[in-house]
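Now for the letters of each chain:
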Number of protein chains: 2
Amino acid sequence: MLETVPSDEISARVTPFQARLAEAGIGLGLMRLPADLFYYTGTVVDGFLAVPATGSPLLLVRRPKERLAAMETPWNLAFYQDLKELPTLLAESYPPWEGALGLELDVMPAALYRRLKEKLFPETPIQDLSPLIRRQRMVKSAYEIEQIRRAAAILDGAFAGAPEIIRAGLSELELAAALEYRLRLLGHQGLVRLRGWEMEMFIGHVLSGTAGLHLAYTDTPSGGLGFSPAFPQGASLKKLAPGEPISIDLGACYHGYVADMTRMYALESLPDRAWQAWDLILELFHRFEAEARPGVPPGELYQRLWEIVRQRGWEEYFMGLGPDRVSFLGHGVGLELNEYPFITARSPFTLEADMVLAFEPKFFLPEIGMIGLEDTGRITPQGVEWLTQTPRRVFIV
Amino acid sequence: MLETVPSDEISARVTPFQARLAEAGIGLGLMRLPADLFYYTGTVVDGFLAVPATGSPLLLVRRPKERLAAMETPWNLAFYQDLKELPTLLAESYPPWEGALGLELDVMPAALYRRLKEKLFPETPIQDLSPLIRRQRMVKSAYEIEQIRRAAAILDGAFAGAPEIIRAGLSELELAAALEYRLRLLGHQGLVRLRGWEMEMFIGHVLSGTAGLHLAYTDTPSGGLGFSPAFPQGASLKKLAPGEPISIDLGACYHGYVADMTRMYALESLPDRAWQAWDLILELFHRFEAEARPGVPPGELYQRLWEIVRQRGWEEYFMGLGPDRVSFLGHGVGLELNEYPFITARSPFTLEADMVLAFEPKFFLPEIGMIGLEDTGRITPQGVEWLTQTPRRVFIV
């Protein structure tokens with residue numbers, strides 16, 4: 001049997017969300033992104049979840065009509081075949097609502113938006129629902145943290161096998177494939193959800209030597225070239241060679257929740273400069289651990305960490321190269337890999353207990369490659385509780 | 001080195017596209033979906049490709065600025081950091097254009113659409129660019145067919161290993177993981193692109209027995225439950241057992257291009273009714289082969305194939321169950337898994353030479369499971385040239 005989300009967990013998400021709707025002047029929120037649907041219903045369907053500012057949510061299902069949604073979600077179901085039935089279905093279930101209709105404007109396609117706005121709800125003002133959803137999902141429940149812990153254990157399990165797999169002459173792709181295989185056998189769901197049409201990825205990036213210096217076309221520090229310009233990221237056909245940094249940066253999902261980890265490996269040895277970068281990374285981790293606490297603005301943390309890098313004279317190589325460096329040092333994880341909050345210079349949020357973050361300081365050393373470290377951890381009043389637990393060292397094979 | 005798309009291949013795509021723009025009254029098309037960017041540039045960046053109805057395209061790059069786009073694409077590059085620079089950059093490169101600004105409205109997020117329409121191009125009418133792109137991409141060049149042929153060969157190679165892997169007690173997930181591993185070693189890029197925010201998938205569906213009867217929340221005939229309602233599709237933890245249909249439906253990508261194939265397996269035996277469904281599927285394939293020719297409307301083909309199914313009394317079980325059946329018997333493949341044309345009752349297109357289609361008749365037999373067959377083939381005046389070439393039989397292990 002499928003392990004379902006406890007229904008009191010789901011109710012406990014919807015009630016505060018309804019308060020946020022009311023506060024924002026949204027009378028009814030209508031969502032359909034799979035990650036958002038799953039968070040507020042416990043299932044994923046082809047359909048919309050309607051959440052009124054007051055009253056009971058309704059899951060509007062187009063497909064599948066004969067399946068499991070009823071077992072997995074505490075909400076009432078209504079069925080439709082064509083989008084044009086939505087206004088009537090909503091009118092039958094809810095009194096005319098005051099305020100705006102909330103839609104996921106950061107991800108809803110423009111054509112669908114125009115149809116809803118111009119044809120189906122022409123009298124109703126429309127507001128963006130996504131900031132409310134993303135802010136709520138930023139702080140995790142105990143149940144959610146447990147799922148991320150299990151995702152982290154899948155990563156630890158797969159990474160534990162890496163030293164046995166890595167050998168000279170193996171290609172980045174062969175190493176990636178072997179690790180992906182382990183992740184799947186350990187229960188990784190495969191799909192790693194990313195929010196936004198500009199984001200795409202396949203499980204992660206396995207890079208070696210100077211292949212690690214090719215920066216991404218998506219908003220991630222590491223990139224790689226892949227093996228075709230059709231999908232220029234991740235493992236290439238380059239073979240692993242002694243003396244080069246080998247980075248493994250992968251995501252794993254358990255029950256929808258993702259954990260994210262990067263570890264370094266090398267055959268035989270690494271250049272001194274790589275070890276210097278590694279020592280600086282450990283220092284940045286210690287500083288992050290010492291300072292990441294509820295109440296701290298991520299912008300302050302960001303500035304202090306960058307200050308250390310500047311003091312040591314490494315700013316040119318940090319988080320990318322030149323204009324292609326990314327503007328964050330870490331990111332929230334949950335049902336998506338790119339959740340709030342981001343550790344950026346101008347984050348609008350303050351750290352709170354039970355935010356779960358991936359912290360990923362990375363250096364890009366010309367002629368050498370990428371040296372980085374990443375763990376997924378939970379903010380607590382006592383400090384960061386790390387969920388990924390593979391030892392923080394460079395594994396020399 | 002990366003294998004790049006020949007630049008005359010790219011030019012030969014843009015010239016007829018410009019004629020389509022002019023015909024549609026679009027003065028300038030602006031696109032950024034990775035699949036569309038790759039088709040018209042030969043690379044993927046964080047940025048936009050501007051294609052004027054007359055004149056030379058310009059690739060507007062936000063990230064990465066220092067990389068390979070220049071080597072991979074024949075078009076001039078311009079760099080920007082913030083979206084608000086776009087109107088100036090375009091004004092510097094092009095005279096004021098007549099007609100609409102074309103945007104990919106089927107996939108562009110509403111928030112971005114609103115920003116472009118209301119803030120950045122408030123004087124310019126906007127039109128949907130995607131139908132033009134999708135129609136052009138429907139017919140493949142010789143170069144593209146060669147890439148799909150190589151993707152098909154990856155599938156054939158991975159499926160050839162399936163009979164050795166399948167054994168009683170192995171879980172669907174373990175079988176899926178072993179096949180995914182083979183696909184990757186054979187050069188599958190991993191990511192299979194799907195158009196639309198309502199579509200998501202991880203490589204494919206490995207299903208057995210009645211697990212194959214759970215229909216999808218995406219627009220695909222087969223579904224499965226996965227192992228969490230967070231991602232309820234594909235392989236579950238159910239173990240393979242003798243006498244059940246085992247279906248393997250996977251996609252593989254080479255150089256961006258996808259091929260799609262389904263084959264059936266069974267441990268020891270299958271019920272008579274499953275064999276009857278199989279015989280009918282072979283008959284549908286023969287009919288498809290006999291009738292799919294340039295000039296034939298897919299709607300006619302659809303009706304004739306359904307007519308055979310009705311005559312045999314199998315309509316209740318075809319392409320899904322009850323209201324959850326899908327409305328197509330096949331779909332185009334290329335840079336995306338869900339390309340034009342679809343073989344539906346009311347397809348607006350006519351079959352043309354060098355369309356590449358996945359044809360996938362599938363029956364859903366209560367208490368038994370799913371019985372289906374799928375191949376990827378190219379329409380030619382002489383008939384269908386099948387690109388996937390694994391023998392069409394039920395593999396009894």
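Note that the structure is a prediction, hence the values are computed from the model and not measured. Along each chain, residues carry numbers from 1 onward, in the same order as the chain's sequence is written. For naming, the first written chain is A and the first written ligand is 1, with later ones following in the order written. Selection of residues for local features in this predicted model requires a pLDDT of at least 70, selection of side-chain atom pairs for listing and counting requires 80 or more, and totals for whole chains, interfaces and linings are taken over all residues. Hydrogen atoms and water are omitted, and side-chain values are computed over all heavy atoms in the structure.

Undergrad: Just checking my understanding: could you explain the relation of the copies chain B and chain A for this structure?
TA: What relates the pair of chain copies is a rotation about an axis plus a shift along that axis. Least-squares superposition of the copies uses the C-alpha atoms of those residues scoring a pLDDT of at least 70 in each of them. Least-squares fitting of chain B to chain A yields an RMSD of 0.0 Å, with the superposition described by an axial translation of 0.0 Å and a rotation of 180°. What the superposition gives is, in effect, a two-fold axis relating one chain to the other. Mapped onto chain A, 100% of the interface residues of chain B are again interface residues, and the two copies thus contact each other with one and the same surface. Whether two residues touch is decided by their heavy atoms; if any such pair falls within 4.5 Å, the residues are in contact.

Undergrad: I tried to follow helix 11 (residues 298–311) of chain B on my own but got confused; where do I start?
TA: Because each turn of an α-helix spans 3.6 residues, side chains separated by three or four positions in sequence point in the same direction. Residues and elements named next belong to chain B. Helix length check: helix 11, at 14 residues, gives a terminal C-alpha distance of 20 Å against a target of 20 Å (1.5 Å per residue), a fit within 8%. Within helix 11, burial applies to P298, G299, L301, Y302, L305, W306, I308 and V309. Along its buried surface, helix 11 packs onto helix 10 (272–291), strand 10 (328–332), strand 11 (339–344), strand 12 (356–359) and strand 13 (362–365). A positive backbone phi angle near 80° is found at G313, which sits one or two residues after helix 11. Only DSSP runs of H or I covering at least 4 residues are called helices, and only runs of E covering at least 2 are called strands; the numbering of each starts at the N terminus. Expected helix span is computed as 1.5 Å times (number of residues minus one). We call a residue buried when its accessible area falls under 20% of the maximum for its residue type, exposed when it is over 50%, and partly exposed in between, using a 1.4 Å probe and counting protein chains only.

Undergrad: Explain unusual backbone geometry to me, please; I cannot follow it from the model alone.
TA: Note on backbone geometry: most residues besides glycine have negative phi, and most peptide bonds are trans. Looking along the chain, the bond that leaves R63 of chain A and enters P64 of chain A is cis, with omega of -5°. With respect to the secondary-structure elements, P64 of chain A resides in the loop between strand 3 (58–63) and helix 3 (69–72). Residues Y340 of chain B and P341 of chain B are joined by a peptide bond in cis, for which omega reads -10°. The residue P341 of chain B is located in strand 11 in this model. A positive phi angle, close to 70°, is found at E367 of chain A, a residue other than glycine. Take E367 of chain A: it is sitting in the loop between strand 13 (362–365) and strand 14 (369–372). Positive phi values are uncommon outside glycine, yet M319 of chain B reaches one of about 60°. Looking at M319 of chain B, the relative accessible area reads 0%, which means it is buried.

Undergrad: Looking at this model, I keep getting lost on the sheet that holds strand 2 (residues 46–52) of chain B. Mind explaining?
TA: Sheet strands associate in pairs through backbone hydrogen bonding, adopting either a parallel or an antiparallel arrangement. Residues and elements named next belong to chain B. Judged by pairing direction, the sheet is mixed, and its six strands sit side by side in the order 4-3-2-1-5-6 without closing on themselves. Each of the sheet's edge strands pairs with one partner strand only, and the pair in question is strand 4 (76–79) and strand 6 (126–128). Between one strand and the next, the sheet's axes are offset by a mean angle of 25°, whatever the strand orientation. Interaxial angles span 0 to 180 degrees and are taken between N-to-C directions of axes, which are lines fitted to C-alpha atoms, for helices over the stretch in contact. Relative to strand 2, helix 2 (residues 34–41) is tilted by about 55°, and along the sheet it contacts strand 1 (26–31), strand 2 and strand 3 (58–63). Across the sheet, helix 6 (residues 130–138) lies against strand 1, strand 5 (100–103) and strand 6, angled at about 30° from strand 6, the strand it touches most. By the convention used here, strands pair only if DSSP detects at least 2 bridges between them.

Undergrad: When you look at the confidence of the model for chain A in this model, what are you seeing that I'm missing?
TA: A low pLDDT means the predicted coordinates there should not be read in detail. For chain A, mean pLDDT is 96; residues scoring 70 or higher make up 98% of the total. Reported confidence for the predicted complex is 0.96 by ipTM and 0.97 by pTM. Note: pLDDT gives the predictor's confidence per residue, expressed from 0 to 100.

Undergrad: How should I be thinking about the packing of helix 1 (residues 7–24) of chain B against helix 6 of chain B in this particular structure?
TA: The description of two packed helices rests on the angle between their axes and on the distance between the axes. All names here are of chain B. Relative to each other, helix 1 and helix 6 sit at 140°, their axes nearing to 10 Å. Taken as axis vectors, helix 1 and helix 6 run oblique relative to one another. Judged by the sense of rotation from one axis to the other, the crossing of helix 1 with helix 6 is right-handed. Contact with helix 1, carried on its side by R13, P16, F17, R20, L21 and A24, involves L132, I133, R135 and Q136 of helix 6 and no other residues of that element. Angular relationships are summarised with four words: roughly parallel below 35 degrees, roughly antiparallel beyond 145, roughly perpendicular across 65 to 115, and oblique for the angles in between. Helix crossings are classified by the rotation of the near helix relative to the far one: an anticlockwise turn of less than a right angle makes the crossing left-handed, while a clockwise turn makes it right-handed.

Undergrad: Looking at this structure, how should I read the pairing of strand 16 (residues 383–386) of chain A?
TA: Residue and element names in this part refer to chain A. Pairing geometry for strand 15 (residues 375–380) and strand 16, over four bridges, is antiparallel. Bridge pairing in strand 16 links G377 to W386. From the end of strand 15 to the start of strand 16, which pair antiparallel, there are two residues.

Undergrad: Please explain the interface of chain B and chain A as it appears in this structure.
TA: For an interface, size is often stated in terms of accessible area lost upon the parts coming together. With 75 residues of chain B in contact, the opposing surface of chain A contributes 75 residues. Buried area counts how much accessible surface, traced with a 1.4 Å probe, disappears from two parts once they are put together, with both parts' losses summed. Across the chain B/chain A interface, buried area totals approximately 6500 Å², and carbon plus sulfur atoms make up 63% of it. Of all residues in chain B, R63, W197 and P229 of chain B give up the largest surface area on contact with chain A, accounting jointly for 14% of the area buried on that side. For this document, the term salt bridge refers to a Lys or Arg side-chain nitrogen within 4 Å of an Asp or Glu carboxyl oxygen. The interface formed by chain B and chain A holds four salt bridges in total. Between R184 of chain B and E180 of chain A there is a salt bridge, with the nearest N and O atoms lying 2.8 Å from each other.

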